Every structure is written in structure tokens, then in C-alpha cells.
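Residue-level structural notes
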Amino acid sequence: MKIEVKNLTKHFGNFVALENIDLDIVEGELLALLGPSGSGKTTLLRMIAGLETVDETDSGEILFNGIDVGTKNIGERDIGFVFQHYALFRHMTVFENIAFGLRVKPKKQRLSNKEIEEKVTKLLKLIQLDGFASRFPWQLSGGQRQRVALARALAVEPKVLLLDEPFGALDAKVRTDLRRWLKELQEELGITTILVTHDQEEALEVANRIVVISKGKIEQIGTPQEVFHNPKNEFVINFLGNVNLFHERKDDGSEDKYLIRPHELEIVSFDDNESILKARVKYIQLAGSFVKVELTHINDEKRVVLVELSHYEFNDKNLKIGDIVGVRARKLRSFEAGAGI
Ligand SMILES: Nc1ncnc2c1ncn2[C@@H]1O[C@H](COP(=O)(O)OP(=O)(O)OP(=O)(O)O)[C@@H](O)[C@H]1O
């Protein structure tokens, strides 16, 4: 299913939750809506689902395969939903939870018991929980429960899958495993999917495209590579990871602003010709896939610079806390005030 959101504005009383949203969602893609808390992600998802309506004070339309769905309620939109705290039916087994949507269909469209059994068995395999059919939700881990919720949403073969922080309540390791698994599954099924998340890493890892939202407006739409490496403005670069900000006073008195990511900096000797500043090593964090080095400007303790090095590079430099070093930029990204890159 192809989805078009055209010039959508949504108010809650006087508050503008979404402003002039234009967005095309391509058939079969996994699109992430990424933004801080309160930016309007869930509202946009709920409007696509038909859980929020375009009221008199609002404007815009939402099209599914070219057809305006404004007057269609959620039951008529062919949508599967998974929320952060998706309440499975406690008194039903895993099997019955997944079968639920199939059983409540009108008689004419309903599959036979045998067909339902075959379908649920297939879905259980898909979510890698075969053998769990007769368990109850309270006998499952959080990650297993979310997989059941996904199977339940998929059972009725929706044309669109809407996921609102589906892994938000899970711990980091389970989250990472599940999002990889989700990506593979989504690619295999080819179902148009919209994922709401405030987790940059999650969006960068699973999405085909990311929509960065702030205060009800779209800041940038692009592939993970585009939004990470070619951020359109300061909000996007700040939101998508740590960043260092440098000012450079020009001859005419104006100031250039540079934003540089920690991995785009390298540490050199303090007298290096290409060094952009001298700094003192304040803190070294060795755990993790990179070594994170925090430095402070030699003349101003308050100016902190973050550098990420590979372990190999770090070992090579033999850095210690208190060392005075130079910092060189592998890449400079300058922003004119308010004008993007
Ligand atoms: N029914 C409502 N009535 C009034 N204000 C609302 C309503 N629903 C949402 N809002 C407001 O609209 C704004 C956007 O909310 P929304 O839930 O879309 O944000 P979000 O980006 O999904 O945030 P989070 O990540 O915290 O869930 C918030 O300021 C919220 O308080």
C-alpha cells in the first residue's frame, strides 16, 4: 500500500500538534518517524490509522493508494497495529491471541477452523515461537509477548503495519535482537510499515527512510545515510548523535559555526600544523566498540570536546588523562545561521 499525507495540520484545542505535514510512504518500505517526546509522531501515526480525525479546525488529507481515507474508520483501513504496551488477552493462550482477529471476522469472510489453525501455526513459526501455542501471556518474556502481538497484527493480513515504540519497554539486548528480527521479517513480507521511535539508533538500523520530526514539523526526510551524514540543519545533526560545536571568528567580525561528530575528529600531537585546537584529555572511556575521549579546551575548561577513536588508533597514541594534545578535523560541516548546510 502506498500512503500519501498531504498538507496535514492537526490541532488539539489551540495547540498545533502537526503543521503542514507532506509525506509519501512508498509501497513496501519501512519508514521510521523519529523525534523527541511530544514532537507529534504518535499523533501522525494515529491519524494514518484513523484513530484521530481531521477536525473542522484542521486541514489536509491522507490517501491510501490514491484514495482519500478521511471518512473511513480504523476497521476499514486494513491496518495492523502494535503498541509499546500491547495488551494481549490474559485469559487466552498464545494460539488464541493470534487467532483472535480471524475468529471475529464476519461469517462470510471467516476461515474454517482448520484454515485458522494452519495460519496460526505458520505465524508461530514466523515469530519463532512454535511450541509456545498453549502458553498464556504471563508465561512469556516481554520480547516474546511483543512477537505474539506482531503475529496477532499480521494474522488478518493488513496492507499496512503501524508500530508505536513496539520495543520501548524491553531491555537493550532484547531490543537490539528484536529490531534486527523485525527488519528481516518486514523485508520478507514486503508490508508497508511505519515505526514510531525516539531512539535514533533504532531508526538508523531498521528504516529504509527516516522522517525527523520536531514540534509538529518535518525537519528532514531521507535514508539513514542521508540524515546521518548530510543533516539538513542543526536540529537533525544534534538529534542524531553527539556533536561538537566550534566557532571561528572571521576577519569581518562574523562567526562561522562548525558541527563535527566525535568520530570525525582525530587526536594529534599538540604542535600539529592542522590541529584546530589544543586540548587536555579529561576522561577516557574504554568500554564499548569505540574509545570515547573527553577533552577540554586548553584555555577554557568549560569547552568540552568529544572524540571517538577505534581501539587500534587509541592504543597507537598511548593517551593518558592530563595529556595535552591537538585535535584535527577529518571533516568540517559548516552551518550558516538558520540556512542549513
Ligand atoms: N488528545 C490530545 N489532547 C491534547 N493534546 C494532545 C493529545 N494528544 C497529543 N497531544 C499533544 O500533542 C503533542 C504531540 O503528542 P504525540 O503523542 O504525538 O507526541 P510523540 O512525538 O508521539 O511523543 P512521545 O514520544 O512522548 O510519545 C504533545 O504535546 C501532546 O501533549
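See the structure above.
Reference entry: report on the structure contained in this document. (Residues numbered from 1 in each chain as written. Predicted model: local features only at pLDDT ≥ 70, side-chain atom pairs only at ≥ 80, totals over all residues.)

Read across the sheet, 4 strands follow the order β2-β1-β4-β5 without closing on themselves; strand pairing throughout is antiparallel. Among the strands making up the open sheet, the edge pair consists of β2 (15–25) and β5 (67–68). (Pairing = 2+ DSSP bridges. Helix = DSSP H or I, 4+ residues; strand = E, 2+ residues; numbered from the N terminus.)

The next subject is the site of the ligand. Every residue close to the ligand is listed here: Phe12, Phe15, Ala17, Gly35, Ser37, Gly38, Ser39, Gly40, Lys41, Thr42, Thr43 and His198. Among the secondary structure elements, those contributing two or more residues to the shell around the ligand are β2 and α1 (41–49). At 3 residues, α1 tops the list of elements feeding residues into the shell around the ligand. Here the residues of the shell around the ligand sort into 3 nonpolar, 8 polar and 1 charged. (Near = placed C-beta within 6 Å. Nonpolar A, V, L, I, M, F, W, Y, C, P; charged D, E, K, R; others polar.)

This next bit is on the packing of helix α2 (residues 94–103) against helix α4 (residues 142–155). The angle between the axes and the distance between the axes are what describe a pair of packed helices. Packing of α2 against α4 leaves a shortest axis separation of 7 Å and a crossing angle of 25°. The angle between α2 and α4 places the two elements in the roughly parallel class. With respect to the hand of their crossing, α2 and α4 are arranged in right-handed fashion. When α2 is examined against α4, the residues Val94, Asn97, Ile98, Ala99, Phe100, Gly101 and Leu102 are found in contact with a partner set consisting of Val148, Ala151, Arg152 and Ala155. Looking at the contact of α2 with α4, its residues break down into 8 nonpolar, 2 polar and 1 charged. (Axes fitted to C-alpha atoms, helices over the stretch in contact; angles between N-to-C directions. Parallel < 35°, antiparallel > 145°, perpendicular 65-115°, else oblique. Left-handed = near helix turned anticlockwise from the far one by under 90°. Contact = placed C-beta atoms within 7 Å.)

What follows is about helix α3 (residues 113–126). For α3, spanning 14 residues, the distance from its first C-alpha to its last is 20 Å, which sits close to the expected 20 Å at 1.5 Å a residue. Within the span of α3, buried status applies to Val120, Leu123 and Leu124. Down the axis of α3, the smallest arc covering the buried residues is 100°, so these residues share one side. Turned more than 90 degrees away from the buried face of α3 sit Lys114, Glu115, Glu118, Lys122 and Lys125, all of them exposed. Elements in contact with the buried residues of α3: α2 and α4. Positive backbone phi, at 55°, marks Gln128, one or two positions downstream of α3. (Expected span 1.5 Å × (residues − 1). Buried ≥ 20, exposed ≤ 12 C-beta atoms within 10 Å, placed from the backbone. Arc of directions from axis to C-beta.)

Spatial relationships are all this shows, so hold off on functional conclusions.
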